[in-house]
Amino acid sequence: MSVLPLVFTSGWASGVNAYAVVLLLGVFGAAGLSDDIPETLQRPEVLVAAGVLFLCEAVADKIPYVDSAWDSVHTVIRPVAGAWVGALLAGQSGSLSDVAAGLIGGSTALASHTVKAGTRMAVNSSPEPFSNVIVSLGEDLGVGGVVTFAMFHPEAAAVIAGVLLLAGLLTLYFLISRIRRFRRRRAQRREEKRLGKPAARGRSVSGGR
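A brief report on the enclosed structure follows. Fair warning: this is a prediction, and the values are worked out from it, not measured in the lab.

For Y65, which is not glycine, the phi dihedral falls at a positive 75°. Positionally, Y65 belongs in the loop between α3 (44-60) and α4 (66-93). Taking relative accessible area as the criterion, Y65 reaches 39% and is therefore assigned partly exposed.

See below:
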């Protein structure tokens, strides 16, 4: 059976939470639930590193503005992780070329990462912090559920991942205006801080004289 559905699903999930994907796949492989999981993902040091980074993301992902900074750092990491996992899965099964699997996993991860990062910018424009926690928990549960489902029903899981990706892209399209307002306000706050500091120093010098 082709490993393509699992590559696509893991790519989508990597764009949302790459560390959770590596951790879950490694655990499933070590538990013997799937023969498609390469030994590289099952190594103890890989599982430990993925677990620690997953915990870091679980915290950072629920704090307003910190989550957007975290997403910015992972703009490269998540697509690379999706491509890496896809290539490993293809190499393990031999039913798909490593290059093709890497391209599919990486491009899918980039698309889902774009949805996540853009959605978080829109959520951060809300004055209350609870929406970040709710959205983050939904993403974590979604990744865990879809990846686990893919172990037993890879084709159906790939369809679900595709629907979620398409729905996310459509939602992001309608949120663009809100994201633009968020960026304008953030740029305005930075400009106010930049102009406020010299003024404060100037008043301090005048008072000293």
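Contact geometry for helix α1 (residues 4-30) and α3: axes closest at 9 Å, N-to-C directions at 145°. Crossing handedness for the pair α1 and α3: left-handed. Seen from α1, the contacting residues are V16, N17, Y19, A20, V22, L23, G26 and V27; seen from α3, they are V46, L47, A50, G51, L53, F54 and E57. Partitioning the contact of α1 with α3 into residue classes produces 11 nonpolar, 3 polar and 1 charged.

Quick look at the environment of R43 now. In this structure, R43 sits in the loop between α2 (39-42) and α3. Considered as a pair, R43 and V27 are 16 residues apart in the sequence and their alpha carbons are 9.5 Å apart. Here the side chain of R43 touches E45 through a polar contact of 2.5 Å, side chain to side chain.

Here the focus is the side chain of D71. One can find D71 in helix α4. Those residues in contact with D71, other than ones at most four positions away along the chain, are D61, R78, H113, K116, A117 and R120.

Okay, the pattern of salt bridges next. Here the structure, examined in full by the defined rule, presents 11 salt bridges. In this structure, E57 engages R78 in a salt bridge whose closest nitrogen and oxygen atoms are separated by 3.1 Å. One end of the pair, E57, is in helix α3; the other, R78, is in helix α4, with 21 residues separating them in the sequence. Given a relative accessible area of 1%, E57 falls into the buried group. Given the relative accessible area of 0%, R78 is considered buried. Where R78 meets D71, a salt bridge forms, and the shortest distance between an N and an O atom there is 2.9 Å. Each member of the pair, R78 as well as D71, is classed as buried.

A separate point is the side chain of S68. With respect to the element layout, S68 can be found in helix α4. What S68 contacts, discounting residues up to four positions off in sequence, is R120, M121 and N124.

Okay, helix α6 (residues 130-152) next. The terminal C-alpha atoms of α6, which comprises 23 residues, lie 34 Å apart, in line with the 33 Å expected from a rise of 1.5 Å per residue. Taken together, the buried positions of α6 are S131, N132, S136, E139, D140, V143, G144, V146, V147, A150 and M151.

Scoring rules and cut-offs
Residues numbered from 1 in each chain as written. Predicted model: local features only at pLDDT ≥ 70, side-chain atom pairs only at ≥ 80, totals over all residues. Heavy atoms only, no water. Helix = DSSP H or I, 4+ residues; strand = E, 2+ residues; numbered from the N terminus. Buried < 20%, exposed > 50% of the residue type's maximum accessible area, 1.4 Å probe, protein only. Axes fitted to C-alpha atoms, helices over the stretch in contact; angles between N-to-C directions. Left-handed = near helix turned anticlockwise from the far one by under 90°. Contact = heavy atoms within 4.5 Å. Nonpolar A, V, L, I, M, F, W, Y, C, P; charged D, E, K, R; others polar. Polar contact = N/O pair within 3.5 Å; in protein donor to acceptor, adjacent residues only side chain to side chain. Salt bridge = Lys/Arg side-chain N within 4 Å of Asp/Glu carboxyl O. Expected span 1.5 Å × (residues − 1).

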